[in-house]
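# Inside the fold
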Amino acid sequence: MVKIDGIEIKDHKTTFMTGFIIALIAFSTGVLAYHYMFMILPSRPGCVQISVKDAGGKAMKGVTVQIYIAVYGETGDKVAEGITDTGGKLKFCDKFEPNEIYAVNVYDQTGNNLWSGLFSTNEKSTADFPVIIKQENT
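The structure contained in this document is the topic of the report that follows. (Residues numbered from 1 in each chain as written. Predicted model: local features only at pLDDT ≥ 70, side-chain atom pairs only at ≥ 80, totals over all residues. Heavy atoms only, no water.)

### So, the overall build of the chain
Helices and strands together make up the secondary structure of the chain, namely one helix and nine strands. Secondary structure elements in the chain, listed N-terminal to C-terminal, are β-β-α-β-β-β-β-β-β-β. With an accessible surface of roughly 10000 Å², the chain has 59% of that area assigned to carbon and sulfur atoms. (Helix = DSSP H or I, 4+ residues; strand = E, 2+ residues; numbered from the N terminus. Areas by Shrake-Rupley, 256 points an atom, 1.4 Å probe, with all protein chains shown as cover.)

### A word on the nonpolar core
Counting 17 residues, the largest nonpolar core has Val65, Ile67, Phe92 and Phe96 as the members making the most contacts within it. Every element with two or more residues in this core is listed here: strand 3 (47-53), strand 4 (64-71), strand 5 (74-83), strand 6 (89-93), strand 7 (101-107) and strand 8 (113-120). (Core = buried A, V, L, I, M, F, W, Y, C linked by side-chain atoms within 4.5 Å. Buried < 20%, exposed > 50% of the residue type's maximum accessible area, 1.4 Å probe, protein only.)

### A short note on the packing of aromatic side chains
Centre-to-centre distance and the angle between the planes together describe a pair of aromatic rings. Within this structure, the stated rule accounts for three aromatic pairs. Arranged with centres 5.0 Å apart and planes meeting at 85°, the rings of Phe96 and Tyr102 form a pair that is edge-to-face. Side by side, Phe96 and Tyr102 carry an identical accessibility label, which is buried. Three or more aromatic residues joined by ring pairs form one cluster here, namely Phe96, Tyr102 and Phe119. (Phe/Tyr/Trp six-rings, centres within 6.5 Å; stacked < 30°, edge-to-face > 60°.)

### Structural notes on the pattern of salt bridges
Throughout the structure, instances matching the rule amount to one salt bridge. In this structure, the salt-bridge partner of Lys78 is Glu81, at a minimum N-O distance of 2.8 Å. The class of Lys78 is partly exposed, set by a relative accessible area of 43%. (Salt bridge = Lys/Arg side-chain N within 4 Å of Asp/Glu carboxyl O.)

### Description of the side chain of Gln66
Considering the arrangement of structural elements, one finds Gln66 in strand 4. Separated by 2.9 Å, the side chains of Gln66 and Tyr68 make a polar contact. Excluding its chain neighbours within four sequence positions, the residues that come into contact with Gln66 are Lys78, Ala80, Glu81, Ala103, Val104, Asn105 and Tyr107. (Polar contact = N/O pair within 3.5 Å; in protein donor to acceptor, adjacent residues only side chain to side chain. Contact = heavy atoms within 4.5 Å.)

### Brief notes about a nonpolar patch on the surface
Nonpolar side chains collect at one region of the surface, where Phe16, Met17, Phe20, Ile21, Leu24 and Ile25 lie side by side and expose about 630 Å² of accessible area between them. On the secondary structure map, Leu24 appears in helix 1 (residues 13-40). (Patch = residues over 30% accessible without salt bridge, like charges linked within 9 Å, V, L, I, M, F, W, Y side chains within 5 Å.)

### Quick word on the side chain of Asp108
Structurally, Asp108 is set in the loop between strand 7 and strand 8. Buried and unpaired, Asp108 has Lys78 as its nearest opposite-charge partner, separated by 15 Å. At a separation of 2.8 Å, a polar atom in the side chain of Asp108 contacts the main-chain amide nitrogen of Asn112. In contact with Asp108, not counting residues within four places along its chain, are Val63 and Leu114. (Lys, Arg positive; Asp, Glu negative; His and termini not counted.)

Here it is in structure tokens:
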């Protein structure tokens, strides 16, 4: 507060700054509590989206996709299996563990192996990115 010739001028800068600091501390506390609360809670199961395309980038419908746990470069237990829809896509949910590596095998309608590969999941049990399987020109 400043006094000039009996006139009092209130300084609102310190009041604003105090309020701003209190709001900043409350926000930071809330963010940290939210972050650590979700670290303690078990992660929710996630979904892995798979899109199968031919060498030209065209969606392949009706192909069989099999997913296995990858154990030191070998395929372990089968985790999921399904057939792609008309858009060449398939979605698997509630079947994957966080931070694991999985092997994928794709077969056409006659049983020929079109593609094999690996993908990994993140801490939410979802793929790190949508798994796009593209058959290469041979």
